[in-house]
Amino acid sequence: MSHTLGIRQAQKLKTRQALLDAALGLLEGQSLSSLGLREVTRAVGVAPTAFYRHFRSIADLGVALVEEALGSLHPMIRTTVTAADNSDERIARAIELIASHVDAYPAHVRFIARERHGGVQSVREAIRDQLARFAEEVSAELAKDRAAEGWSDEDLLMLAHLYVDQMLITASLFLEALDGTEEDRERITQVATRQMRLISIGRQHWLD
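So, how was this worked out
- Residues numbered from 1 in each chain as written.
- Predicted model: local features only at pLDDT ≥ 70, side-chain atom pairs only at ≥ 80, totals over all residues.
- Heavy atoms only, no water.
- Helix = DSSP H or I, 4+ residues; strand = E, 2+ residues; numbered from the N terminus.
- Buried < 20%, exposed > 50% of the residue type's maximum accessible area, 1.4 Å probe, protein only.
- Contact = heavy atoms within 4.5 Å.
- Salt bridge = Lys/Arg side-chain N within 4 Å of Asp/Glu carboxyl O.

Asks: Before we move on, could you go through the overall build of the chain and cite the residues and values that matter?
Replies: Along the chain, the regular secondary structure elements total ten helices and zero strands. Its helices and strands in sequence order give the chain the pattern α-α-α-α-α-α-α-α-α-α, from N to C terminus. Each of the three principal axes of the chain carries a C-alpha extent, and together these read 65 × 40 × 30 Å. Residue burial in the chain is summarised as follows: out of 208 residues, 41% are buried. Put simply, of all contacts in the chain between residues at least 6 apart along the chain, 66% involve residues at least 24 apart.

As structure tokens, then:
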């Protein structure tokens, strides 16, 4: 009996993932607010009623895509911003992470970039909550730096939001350059490095 239940659970998870993958593929050319349930189930080859065994609505599926796109990044973000020998090393590490993530998951990055200000409220809120978590985690890591001495929690969180916003901008630029040249990617890396350095310089003089 337990073996049968295990097979059913595995099949259910497989179908759920297939629905997520199909939706992500369909969203390459449209927004979530225009995506139809029947489009997704047709792409997977299941009946429309089967959709509701996994998601309450297309908006619910969108929230799951947000978790899939951003949830796994939290450990990597924390590792990236942990104390480094200097801020330039931290910046280089962050930009390398962003570039490699865009290369590996362009459809997820495109989905987040489009839906961050899209028409589905629950998805906008899910993205906002994930980004807020990133900022809190970055703030906690920055607080461990000697340079954070004298900083208030509020100011550290503000700084963390600046870094997170800059990482999103950089991800969008790398996304646009996916079909570009190595020179395009190098230019983005240089610009992103200068912009993050500017934030770091401002940090050094914030308490002056």
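Next comes the rest of the account.
Asks: Describe the environment of L26, listing the residues and the values that go with them.
Replies: When you line up the elements, L26 lands in helix α1 (residues 2-26). The partly exposed category is assigned to L26, whose relative accessible area is 26%. Along the chain, L26 and I95 lie 69 residues apart, while their C-alpha atoms are 29 Å from each other.

Asks: Please give an account of the pattern of salt bridges that cites residues and values.
Replies: Opposite charge on two side chains lets them pair, provided their charged atoms get close. Per the stated rule, a full pass over the model turns up eleven salt bridges. The salt bridge partner of D145 is R203, with a shortest N-O separation of 3.5 Å. Within this pair, whereas D145 is found in the loop between α8 (121-142) and α9 (153-176), its partner R203 is found in helix α10 (residues 182-204), the two being separated by 58 residues in sequence. Side by side, D145 and R203 carry an identical accessibility label, which is buried. One network of salt bridges, with partners in common, ties together R90, D145 and R203.

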